[in-house]
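Here is what each chain is made of, one letter per residue.
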Amino acid sequence: MGVVTESQFHVLAVDDSFFDRKMIERLLQKSSCQVTTVDSGSKALEFLGLRESNQSDDPNATSTSPEVEINLIITDYCMPGMTGYDLLKRVKESAAFRSIPVVIMSSENIPARISRCLEEGAEEFFLKPVKLADLTKLKPHMIKTKLKKESEKQAEEVKPEIEEEESPVIEILTLHQELESEQQEPMLSNNKRKAMEEVISTGRSRPKYNDITTSV
């Protein structure tokens, strides 16, 4: 299992408030995270390669993924156009991004809203203002997701090597079967020839009876 450090984490922060956006950016940077900030849910989808208008019913539909890896998305709940809840749903509906942890922030403590986000797949729901201590809760989620991706990547790299190792074995078995077949063919021919000779020999030794007729 690989060792994951905080400096490897890349967080996408989404908030329409410039002040809150800068605040969360500063806190994440203190935690040694790389941070990308956007001011709307639609821009977050654009950054991820998911178009806002692309409401495909196929969850396995491919998207234009970003070249950079995102380890966590933290988004405000109340935003014009697309709420944090809507963004959460879009991310969890995507086969390419559903494994990314999503955290919701809000200045309003509404239990029904919190429950709905957690049920939809949010890892955490923070009340604003977000504190540095809150961000310590994010580390386990990011580590778990990153290690899982690294394991999947290693598995994909090992699979071709296993297939290459199996190929010579298959070729050897095929060659062995061909040699056995070639060895059996002369034996079958000899047996067939021997059987024909025995039939001919038997015919020659059988006595002949001439001028025999059958009357009724």
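None of these values were measured; they are calculated from a predicted model. Within every chain, residues take consecutive numbers counted from 1 along the sequence as written. Reporting of local features is limited, given that this is a predicted model, to residues whose pLDDT is at least 70; pairs of side-chain atoms are given and counted only at 80 or more, and all residues count toward the totals for whole chains, interfaces and linings. Think of the side-chain values as coming from all heavy atoms in the structure, minus any hydrogens and water.

A separate point is the UniProt feature "modified residue: 4-aspartylphosphate" (unreviewed entry) in the protein. UniProt positions are given in the numbering used here, feature names are shortened, and annotations may be inferred rather than shown by experiment. Here, the residues flagged by UniProt with the feature "modified residue: 4-aspartylphosphate" (unreviewed entry) are Asp76. Looking at the element boundaries, Asp76 is found in strand 3 (residues 72–76). Should any heavy atoms of two residues lie within 4.5 Å, those residues are considered in contact. Not counting the four nearest positions on each side in its chain, Asp76 is found in contact with Val14, Asp15, Asp16, Gly84, Met105, Ser106 and Lys128. Helix and strand definitions here come from DSSP, where helices need a minimum of 4 consecutive H or I residues and strands a minimum of 2 consecutive E residues; each element is numbered from the N-terminal end.

Moving on, we get to the nonpolar core. Residues enter a nonpolar core if they are buried and are Ala, Val, Leu, Ile, Met, Phe, Trp, Tyr or Cys, with the set joined through side-chain atoms within 4.5 Å. Only protein chains enter the area calculation, which uses a 1.4 Å probe; residues under 20% of their type maximum are buried, those over 50% are exposed, and those in between are partly exposed. Of all hydrophobic cores here, the largest spans 24 residues; its most connected members are Leu12, Val14, Ile73, Leu87, Ile104 and Cys117. When residues of this core are traced back to their parent elements, those giving at least two are strand 1 (10–14), helix 2 (41–48), helix 3 (84–93), strand 4 (102–106) and helix 4 (111–120). Ranked by the residues each element gives to this core, the list is headed by helix 3, at four residues. Those residues in contact with Leu12 that lie beyond four places of it in its chain are Thr36, Val38, Ala44, Phe47, Leu48, Ile70, Leu72, Ile73 and Ile74. If you look at the next biggest cluster of nonpolar residues, it comprises 17 residues, including Val11, Val103, Val130 and Met142.

So, about the pattern of salt bridges. Criterion for a salt bridge: a side-chain nitrogen of Lys or Arg within 4 Å of a carboxyl oxygen of Asp or Glu. Taken as a whole and judged by the stated rule, the model has seven salt bridges. Note that Asp20 and Lys128 form a salt bridge whose closest N and O atoms lie 3.0 Å from each other. Note that Asp20 is positioned in helix 1 (residues 18–30) and Lys128 in the loop between strand 5 (124–127) and helix 5 (132–135), a separation of 108 residues in sequence. Ionic pairing is found between Glu69 and Lys146, a salt bridge with its closest N-O pair at 3.4 Å. One end of the pair, Glu69, is in the loop between helix 2 and strand 3; the other, Lys146, is in helix 6 (residues 138–205), and 77 residues separate them in sequence. With a relative accessible area of 34%, Glu69 lands in the partly exposed category. The exposure class assigned to Lys146 is buried, which follows from its relative accessible area of 8%. Taken together, the shared-partner salt bridges in this structure form one network comprising Asp15, Asp20, Asp76 and Lys128.

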